[in-house]
Amino acid sequence: MNTTHAVSEFFLSEDLANFSVENDNSPVAAKPLWIQAERYGNFHLALALGVGQTARGPLMQFSRDMSMSCDLGSKIDAKNANGVSFQAFFEPGDDRSARILLLEAPMKREKRESNFTLDLSVLRGRCGNLGLRCFSPSGPTDLESKLAVVKWVAGPNDRISLLTARRHQSHQMKSALECFSVAYNHEIYANRKMDDERVGLSSFTPLQKISSAPERKSEEPITVESLLKLPSAKVAESDDVYHYAHRVLQSLIPITPPNFPNRIHSIYQRESRPVRILSLCSGTAAIERQMVANAGCPVEITLFDLNEKLMRKAAALLSSIPQTSGFLGDVNALSVEQFGNMTFDVVVFVSGLHHVVEIEHVLQTVVELLVPNGEFWIVGEAVGRNGNQLWPEALEAANRIFSRLPERFRRNAFTGNVDSTVPETDFSADSFEGIRSEEIEPLLLRYFNPVEMYRTNCFLWRLVNPVYSRNYDLKKQEDRCIVLSLVAAEYNLWKSGGRPTESHSVYGRR
């Protein structure tokens, strides 16, 4: 099977010849019929499929994280008491495998619309065509009933919204021009219209062609050779691979993480009293201890965690701070009442919010626990895909460089095997790891205003974490250059729009 021309995404539009309409009893393609279909009081351009007709999409190559989304309407013949039905299917491109039925459902007289989105992960690694078929229990004699395909898009999950917006662009552009022409004649724009007439718009001549200008050169990708010249590329005695790689990466990014110790000290200067800090999911509070030590001012720190053993260890590490207290409890059930009349200048999660299920409840409670000008901090928070997975473009970039590494750098410390690609496991399937990571940042904006944000790390952490970190010896030039090549690939993706997965940020109360 020739997959050279297979596509990875598809959207139905009258602008593009990217589909065909077929009759059950004829090998000859039928002419597409476009109609105005009414759905929920609005009219939409739709492809009409008669009974016994099939719409077939282009040859597609399916990878992970893909879906198909459809909005369907129908016109039922008055003589048809049973309505029509539709099938959504996949037809393998090898002509040897049977058609796979993805969905079959009726369109009744009393319910003539259907909206659905299908997970296409079952087709991963396969190539073939998606299709929609209209049929009727009354048989082929039903000539008037129609299935109206208002929306039909398929592709990577993170592009479904874009593909939906791309439908019928010429039709929508024409409608938009007509709409705006009418709208600006409204009486509320009377003053503007008078101004337009005074300046003599008729003297304006639109340019038909923009004169050519020197071609803009995009920024050259960063290289290992350029990284070797950076002061941050020098290896310190205490460096491990993870911290070395991220220190070099941080030196490249033109913004810096929030200086949390300085923020603590500023609050102390403003309030002229010890700074009250609440650490949620505190664990051993190792990062909090460093912050407080570097702040150089009096603090009162309150720990909250479910694990008593870790809390006792944290208390020991914070023994130099007399005003240390702790609460045992499930953060998902956090309540103001647990703290009596206590309020806080700072509430912080250090790599903990991505373990929380009841994020909305927790954030609302944090708002109530903060003083009016208090701050909410997330430090090293996983804000990428759920389950600590990589975004598709990051996984592709990571595998592109990872697959070319010598075998000794791809040996998995946990399995002992040499990995050909970066393992992708959804850790939220049987744990709270990244259980709702994708929702963290949107939810934060519902409850807080961003004050300072530092977001980075599209995939680098997955290549230098304990799974592979033991494969490197930073004292060896070859190993150090390999690590810097990973940093360069990470930075180049981030620079070109790769989505970060790690956030160090400060939010303020609204």
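Up top you'll find the structure we're talking about.
Keep in mind that this is a model prediction, so the values were computed, not measured. (Residues numbered from 1 in each chain as written. Predicted model: local features only at pLDDT ≥ 70, side-chain atom pairs only at ≥ 80, totals over all residues. Heavy atoms only, no water.)

J.: So what about the overall build of the protein? Which residues, and what values?
T.: Check the secondary structure of the protein and you find 13 helices and 19 strands. Looking at the protein residue by residue over its 510 residues, the buried ones come to 45%. For the protein, long-range pairs separated by at least 24 residues make up 78% of all intrachain contacts whose partners lie at least 6 apart in sequence. Roughly 27,400 Å² of accessible area belongs to the protein as shown, and the carbon and sulfur atoms make up 52% of that amount. (Helix = DSSP H or I, 4+ residues; strand = E, 2+ residues; numbered from the N terminus. Buried < 20%, exposed > 50% of the residue type's maximum accessible area, 1.4 Å probe, protein only. Contact = heavy atoms within 4.5 Å. Areas by Shrake-Rupley, 256 points an atom, 1.4 Å probe, with all protein chains shown as cover.)

J.: Before we move on, can you summarise the pairing of strand E6 (residues 53–61) with the specific residues and values?
T.: Burial within E6 is extensive, with seven of its nine residues counted as buried. Two strands pair when backbone bridges link them, and strand E2 (residues 20–23) and E6 are joined in this way by four bridges, in the antiparallel orientation. By the bridge assignment, Glu22 is partnered in E6 with Thr54. As paired strands, E6 and strand E11 (residues 127–135) are joined by seven bridges and run antiparallel to one another. Looking at the pairing, Thr54 lines up with Arg133 of E11. (Pairing = 2+ DSSP bridges.)

J.: Residues and numbers for the nonpolar core, please.
T.: Counting 42 residues, the largest nonpolar core has Leu227, Phe459, Tyr472, Leu486 and Val487 as the members making the most contacts within it. Elements with a contribution of two residues or more to this core: helix H4 (224–228), helix H5 (241–252), helix H10 (392–402), helix H12 (460–464) and helix H13 (477–495). Take this core: its biggest share by element is nine residues, from H13. Discounting residues that sit within four places of it in the chain, Tyr472 has contacts with Val241, Leu405, Phe409, Leu463, Asp479, Ile482, Val483 and Leu486. Of all hydrophobic cores here, the second largest spans 32 residues; its members include Phe10, Phe62, Leu118 and Leu130. (Core = buried A, V, L, I, M, F, W, Y, C linked by side-chain atoms within 4.5 Å.)

J.: Run through unusual backbone geometry, naming residues and quoting values.
T.: A positive phi angle, near 50°, is found at Ser351, a position not held by glycine. Structurally, Ser351 can be placed in the loop between strand E16 (344–350) and helix H9 (359–369). On the basis of relative accessibility, which here comes to 31%, the residue Ser351 falls in the partly exposed class. Unlike most non-glycine residues, Asn457 shows phi in positive territory, near 70°. Note on placement: Asn457 falls in the loop between strand E18 (448–456) and H12.

J.: Any chance you could break down the sheet that holds E2 for me, citing the residues and the numbers?
T.: Pairing within the open sheet is antiparallel, and its six strands lie in the order E3-E2-E6-E11-E8-E9. Sheet topology places strand E3 (26–30) and strand E9 (100–107) at the edges, where each strand pairs with a single neighbour. Averaged over all neighbouring strand pairs, the angle between strand axes comes to 25°, with direction disregarded. (Axes fitted to C-alpha atoms, helices over the stretch in contact; angles between N-to-C directions.)

J.: How would you summarise the pattern of salt bridges if you had to cite specific residues and measurements?
T.: For the coordinates displayed, the defined rule picks out 23 salt bridges. Here Glu91 ties to Arg99 by a salt bridge, and the two come within 2.8 Å at their closest N and O atoms. The class for Glu91 is partly exposed, based on a relative accessible area of 22%. When salt bridges that share partners are traced, they join Glu22, Arg56, Glu91 and Arg99 into one network. (Salt bridge = Lys/Arg side-chain N within 4 Å of Asp/Glu carboxyl O.)

J.: Give me the lowdown on helix H11 (residues 437–447), citing residues and values where you can.
T.: Buried within H11 we find Ser437, Ile440, Glu441, Leu443, Leu444 and Tyr447. If you follow the buried residues of H11, they end up packed against H9, strand E17 (370–382), E18 and strand E19 (502–509).

J.: Describe in detail the pairing of E2, supporting the description with residues and values.
T.: Within a regular strand, side chains alternate between the sheet's two faces. As paired elements, E2 and E3 share three bridges and run antiparallel to each other. Across the sheet, the residue bridging to Val21 is Ala30, located in E3. In textbook terms, the turn of a hairpin is the stretch between consecutive antiparallel strands, and for E2 and E3 this stretch comprises two residues.

J.: Explain the packing of aromatic side chains to me, and be specific about the residues and the numbers.
T.: Enumeration according to the criterion identifies 13 aromatic pairs in this entry. Aromatic side chains Phe10 and Trp152 sit 4.8 Å apart centroid to centroid with 80° between the ring planes, which places their arrangement in the edge-to-face category. Taken as a pair, Phe10 in strand E1 (residues 10–11) and Trp152 in strand E12 (residues 146–156) lie far apart in primary sequence, 142 residues in all. With respect to burial, Phe10 and Trp152 carry one shared label: buried. (Phe/Tyr/Trp six-rings, centres within 6.5 Å; stacked < 30°, edge-to-face > 60°.)

J.: Just give me the short version of the packing of H5 against H13, but keep the residues and values in it.
T.: Where H5 meets H13, the closest approach of the two axes is 10 Å, and the angle between their N-to-C directions is 45°. In terms of orientation, H5 and H13 fall into the oblique class. Both H5 and H13 take part in a crossing whose hand is right-handed. Residues Val241, Tyr244, Ala245, Val248, Leu249 and Leu252 of H5 pack against Arg480, Val483, Leu484, Val487, Glu490 and Tyr491 of H13. (Parallel < 35°, antiparallel > 145°, perpendicular 65-115°, else oblique. Left-handed = near helix turned anticlockwise from the far one by under 90°.)

J.: Pulling in residues and values, what's your account of the side chain of Glu381?
T.: Topologically, Glu381 is positioned in strand E17. Notably, Glu381 is buried but unbridged: the nearest opposite-charge side chain belongs to Arg436, and the N-O separation is 12 Å. A distance of 3.2 Å separates a polar side-chain atom of Glu381 from the backbone nitrogen of Gly352. Within the structure, the side chain of Glu381 is placed 2.8 Å from the backbone nitrogen of Leu353, a separation counted as a polar contact. (Lys, Arg positive; Asp, Glu negative; His and termini not counted. Polar contact = N/O pair within 3.5 Å; in protein donor to acceptor, adjacent residues only side chain to side chain.)

J.: Explain the sheet that holds strand E14 (residues 299–305) residue by residue, including any values.
T.: An order of E15-E14-E13-E16-E17-E19-E18 is seen for the seven strands of this open sheet, with the pairing classed as mixed. Unpaired on one side and paired on the other, strand E15 (324–328) and E18 mark the two borders of the sheet. The average angle at which neighbouring strand axes cross in this sheet is 15°, direction not considered. Examined bridge by bridge, E18 and E19 share eight bridges and lie antiparallel to one another. Within E19, the position partnered with Asn449 by the bridge is Gly508. The strands touched by H9 are strand E13 (275–280), E16, E17, E18 and E19; relative to E17, the strand with the most contacts, the crossing angle is about 140°. Here H11 sits on the sheet in contact with E17, E18 and E19, set at roughly 150° to E18.

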